[in-house]
Amino acid sequence: MSESALEEAAVLSAIYCGDGEYQLIQVSADGGVVVEIKTCVVGDVRRVELSLSFSLPPRYPLCPPDISVTSPDLSRGQCQDVRRKLLEQAAALPTEPMVHQLVCWLQQSGAATSEGDEEAARVEDAGGEEWTTVLLLDHMRSRGRYVKTLERWSEQLRLTTRLLSGRWILVLLRGARADIKEFCRLLKTVKVDVDSSGKKCKERMMKVLCERPSSSKHGLASQGSGTKRSGESCFLEKEYRSTLELTEAFREAGMAEMYQQILPLPTL
């Protein structure tokens, strides 16, 4: 693991010390360090809230960080454009710790508030077809932490998510296909649970059981208590005790056809 990344994470926690401004997401020998910084960029005509995730690989800063960008004020295409500009800026910087420098550049450059790339963003978003996906999780030992992480990712990626817990642990997702893919990438690269010995682990055994373009905007409708809304996101956790209750949960979500497609479910 990069000592530079660990030292930079400590420095960043001191710089971005406001409530909810900084979060250390992961520290691992294989995956490196992942930090999240929430910031605000003020332009001439608008104010943009941003959530920036920096993944610092083990060879950082010899290798630049991977970056993801989400914002309640920008479209998915605009977030991708900001990410592209940040990656270009990172590639141009010297091989030294750069996260704070990148955040400062973003705040000063106007890259997140400029109107110049809106047409390209609109074109990209127009092609961002909405998809529905069913995931199978392997285990959920540290349940509280795991659920809170899934809820936070759903909010950041503006996904409609339904977590069904019982004999099988299933996650039903609806949203832009690129955002669903990012959700799956996070599951396999961020330590979200603990293994049988109590050590933090990733969801490497997650399986995509079924995915397809959404046929209805009403799929995964939120019902009952336990729903949290944030902008376009919606998260619902539900426990089932029988196959009949699981079938009913899919029906309530408007996904009865997809339930038939994932049968038979694996033997546990």
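Since we're looking at a predicted model, the values are computed, not measured.

Right, let's get into the overall build of the protein chain. Within the protein chain one finds eight helices and twelve strands. The buried share of the protein chain, reckoned over its 268 residues, is 45%. Of the contacts made within the protein chain by residues no fewer than 6 positions apart, 63% connect residues no fewer than 24 positions apart. Surface summary for the protein chain: the accessible area is close to 13300 Å², and the carbon and sulfur share equals 50%.

The next subject is the packing of aromatic side chains. Between two aromatic rings, the relevant description is the distance of the centres plus the angle of the planes. By the definition in use, this model includes two aromatic pairs. Judged by centre distance (4.9 Å) and plane angle (45°), the ring pair of phenylalanine 250 and tyrosine 259 falls under tilted. Each member of the pair, phenylalanine 250 as well as tyrosine 259, is classed as buried. We note arginine 177 situated over the ring of tryptophan 131; from NZ or CZ to the ring centre the distance is 3.8 Å.

Let's shift gears to the environment of arginine 177. In this fold, arginine 177 is placed in helix H6 (residues 177-189). Sequence separation of arginine 177 and glutamate 130 is 47 residues, and the distance between their C-alpha atoms is 6.1 Å. In this structure, arginine 177 is in contact with Glu129, Trp131 and Glu211, ignoring residues within four places of it in sequence.

This part takes up helix H5 (residues 143-157). The end-to-end C-alpha distance of H5 is 21 Å, a good match for the 21 Å that 15 residues give at a rise of 1.5 Å each. Among all positions in H5, only Tyr146, Val147, Thr149, Leu150, Trp153, Ser154, Gln156 and Leu157 are buried. Once H5 finishes, arginine 158 follows within two positions and takes phi at roughly 55°, a positive value.

Reading the values: rules and limits
Residues numbered from 1 in each chain as written. Predicted model: local features only at pLDDT ≥ 70, side-chain atom pairs only at ≥ 80, totals over all residues. Heavy atoms only, no water. Helix = DSSP H or I, 4+ residues; strand = E, 2+ residues; numbered from the N terminus. Buried < 20%, exposed > 50% of the residue type's maximum accessible area, 1.4 Å probe, protein only. Contact = heavy atoms within 4.5 Å. Areas by Shrake-Rupley, 256 points an atom, 1.4 Å probe, with all protein chains shown as cover. Phe/Tyr/Trp six-rings, centres within 6.5 Å; stacked < 30°, edge-to-face > 60°. Lys NZ or Arg CZ within 6 Å of the ring centre and 35° of its normal. Expected span 1.5 Å × (residues − 1).

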